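What follows is each chain in one-letter form.
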Amino acid sequence: MAYWLFKTEADAFSWDQQKQRGAKGEPWSGVRNFQAAKNMKAMKKGDFGFFYHTGDERQIVGIVEVIGEYRKDPTDETGRFGLVDVKAVKDVPKPVTLAAIKADPAFADMVLVKYSRLSVQPVTDAEWKRICKMGGL
DNA sequence: GCCAACGTTGGC
DNA sequence: GCCAACGTTGGC
């Protein structure tokens, strides 16, 4: 079991939209970065991920589950990039802000802090547990 | 709205 | 295959 973090602008694709997709989930299309694609390739069905709103909010608002493993992204004309399918699992009752994460030394090495621009990131077991706790889960 | 960081592209 | 130029991202 591995953990991940999916970043999105609330304007482009929000947590509310993800929840509306229900059990069918949503293809995480549009990633055009090799490192992010590599992370998606490593995902297995049943892995969980944080759903992070960037932009004005900058906080983790939900939990998603990987329901479809890496496949070609039909929106990529070059055919180089792929996507996974994710479905909403639950809300994070108390959204965990970037500020709160940065303020905690336990997250000093977290990808979200060190390489903030990466859109699909790995999350360690320890980070996952700690953030769930902070989020009231 | 600015700027730093960094990934990608294209010329050589 | 290197590297400069450029574009984009995202935090502040």
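Look up: the structure comes first, before these words.
Residues numbered from 1 in each chain as written. Chains lettered and ligands numbered in written order. Predicted model: local features only at pLDDT ≥ 70, side-chain atom pairs only at ≥ 80, totals over all residues. Heavy atoms only, no water.

A. Representation of the sheet that holds strand β4 (residues 59-72) within the structure. Read across the sheet, six strands follow the order β2-β5-β4-β3-β1-β6 without closing on themselves; strand pairing throughout is mixed. Edge positions in the sheet fall to β2 (26-27) and β6 (120-123), since each has one partner strand and no second. Two elements, strand β3 (residues 48-54) and β4, share six bridges in a ladder whose sense is antiparallel. Directly across from F51, in β4, lies its bridge partner G62. On the sheet, helix α2 (residues 34-41) packs against β1 (3-9), β4, β5 (82-97) and β6 and is oriented at approximately 50° with respect to β6. Relative to the sheet, helix α5 (residues 125-134) contacts β1, β3, β4, β5 and β6, its axis offset from that of β3 by approximately 60°. (Pairing = 2+ DSSP bridges. Helix = DSSP H or I, 4+ residues; strand = E, 2+ residues; numbered from the N terminus. Contact = heavy atoms within 4.5 Å. Axes fitted to C-alpha atoms, helices over the stretch in contact; angles between N-to-C directions.)

B. The environment of F6, seen in detail. Tracing the chain through its elements places F6 in strand β1. Here F6 is in contact with W28, M43, G49, F50, F51, Y52, V64, V84, V86, S119 and V120, once residues within four sequence places are set aside.

C. Focus on the pairing of β4. The hairpin formed by β3 and β4 contains four residues between the paired strands, and G55 there has a positive phi angle of roughly 80°. Looking at chain direction, β4 and β5 are connected through 10 bridges and run antiparallel. From the neighbouring strand, K72 faces β5, where its bridge partner is G82.

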